[in-house]
Amino acid sequence: MASVLNVKESKAPERTVVVAGLPVGLFSDQLLALLVKSHFQDIKNEGGDVEDVIYPTRTKGVAYVIFKEKKVAENVIRQKKHRLARKARHAELTVSHFSDKIFSSVNAVLDLSVFGKEVTLETLVKDLKKKIPSLNFSPLKPNGRISVEGSFLAVKRLKESLLVRACSLLEKDRNFTSEGRKWNRQNPQRNLQRSNNSLASVRTLVPETARSGEMLVLDTDVFLYLQHKCRSYESTLKKFHILSQEKVDGEITTICLKNIQVGSQPNNAKHVKELIEEWSHALYLKLRKETFILEGKEKKEKRMIKCACEQLSSRYPEVLINFYRTHIDIIGSSSDTYLFKKGVMKLIGQKVS
């Protein structure tokens, strides 16, 4: 199975693009690679001579395309829309710069136990695999938890699908409660207990504002950058009187938006959602992440790395630095993260790899 190492070893990262959104299961891997190569050699798609197509990779539906010229790679990225041939159902592709830390693959742990009374969890997982074949699913655990891995867009689609299903389940519970009050008065305590148990389970998955507002799912790194480095995020929420409730779940963050001012336009939350989606999409294509591993290092070396990051923070105001117990993430544009990492390595007396 190919990986970013194949690209790094080819010494051609600047001539490489990451292509996500490939249709999985329609063709053999070899035929799909040929379709991708044909698409990016077509001058109509701003393409040119392709040196190699690396597919399959560790992430389903993602390929690496290496061009013979750096200029061609830049041209295809500037092209706003890329769709494969008709035989590939005109699959819409996402094309971005190559980076070994690009947000092309994310992991998420989901708790499906809330759906246990509605459908057997094995059947639910089977349906999800069929609906989004580009995702990798771990075996379902007895407690209803399951891990998924794939492109951010695929994981986002999965989370949104489950949230919609959870909201539907919540509505059924509300109807059940209402019907119980109207028709079944013989044992109201049992009805109330059943309803409350089910509602409590669903509420762990569906934030309060999602039931009466707008919901969207973002990559956590993109969200943190948007929240801490983009002034427009907080100012827009304030301008349109929107309450934002965020739930960080590993590499995925769910945001729920709701109008908080009486008499405000009902479409304000929807408008703000569209703005955030537009900003996050632009950041998703622009941002890169570098990580300094602290785990296993001596205390002195850890302090040196932390101090170097703090020292450089004022010089690179557009770089987000997230300090964790085991590592430090730096997020920003390709050039900023590269120069930041180079500066840290210089300050601690090491060469940039």
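The structure this text deals with has already been given above.
Model, not experiment: these values are computed from the prediction.

Student: Could you clarify how one ought to interpret the overall build of the protein in this entry?
Tutor: Scanning the protein from N- to C-terminus turns up eleven helices and 14 strands. Counting over 353 residues, the protein shows a buried share of 45%. At a minimum sequence separation of 6, the contacts of the protein that also span at least 24 residues come to 67%. Accessible surface for the protein amounts to roughly 20000 Å². Of this, 49% is attributable to carbon and sulfur atoms.

Student: Just checking my understanding: could you explain the packing of helix 8 (residues 231–239) against helix 9 (residues 268–286) for this structure?
Tutor: The relative placement of two packed helices comes down to the angle between their axes together with the axis-to-axis distance. Where helix 8 meets helix 9, the axes come as close as 11 Å, and the angle between the chain directions of the two elements is 175°. Relative to helix 9, the element helix 8 is oriented roughly antiparallel. Here Ser232, Tyr233, Thr236 and Leu237 of helix 8 come into contact with helix 9, specifically with Val272, Leu275, Ile276 and Trp279. Considering only residue class, the contact of helix 8 with helix 9 consists of six nonpolar, two polar and no charged.

Student: Explanation requested: the sheet that holds strand 14 (residues 327–332) in the structure shown.
Tutor: By way of backbone hydrogen bonds, the strands of a sheet pair with one another, either parallel or antiparallel. On the basis of which strands lie adjacent, the open sheet formed by three strands has the order 12-14-13 and antiparallel pairing. Edge positions in the open sheet fall to strand 12 (288–293) and strand 13 (320–323), since each of these has one partner strand only. Mean inter-strand twist for the sheet, computed between neighbouring axes without regard to direction, equals 15°. Most of the contacts of helix 11 (residues 334–347) go to strand 12, to which it runs at about 20°, and overall it touches strand 12, strand 13 and strand 14.

The rules behind the values
- Residues numbered from 1 in each chain as written.
- Predicted model: local features only at pLDDT ≥ 70, side-chain atom pairs only at ≥ 80, totals over all residues.
- Heavy atoms only, no water.
- Helix = DSSP H or I, 4+ residues; strand = E, 2+ residues; numbered from the N terminus.
- Buried < 20%, exposed > 50% of the residue type's maximum accessible area, 1.4 Å probe, protein only.
- Contact = heavy atoms within 4.5 Å.
- Areas by Shrake-Rupley, 256 points an atom, 1.4 Å probe, with all protein chains shown as cover.
- Axes fitted to C-alpha atoms, helices over the stretch in contact; angles between N-to-C directions.
- Parallel < 35°, antiparallel > 145°, perpendicular 65-115°, else oblique.
- Nonpolar A, V, L, I, M, F, W, Y, C, P; charged D, E, K, R; others polar.
- Pairing = 2+ DSSP bridges.

Any functional reading would require information beyond the geometric quantities listed.
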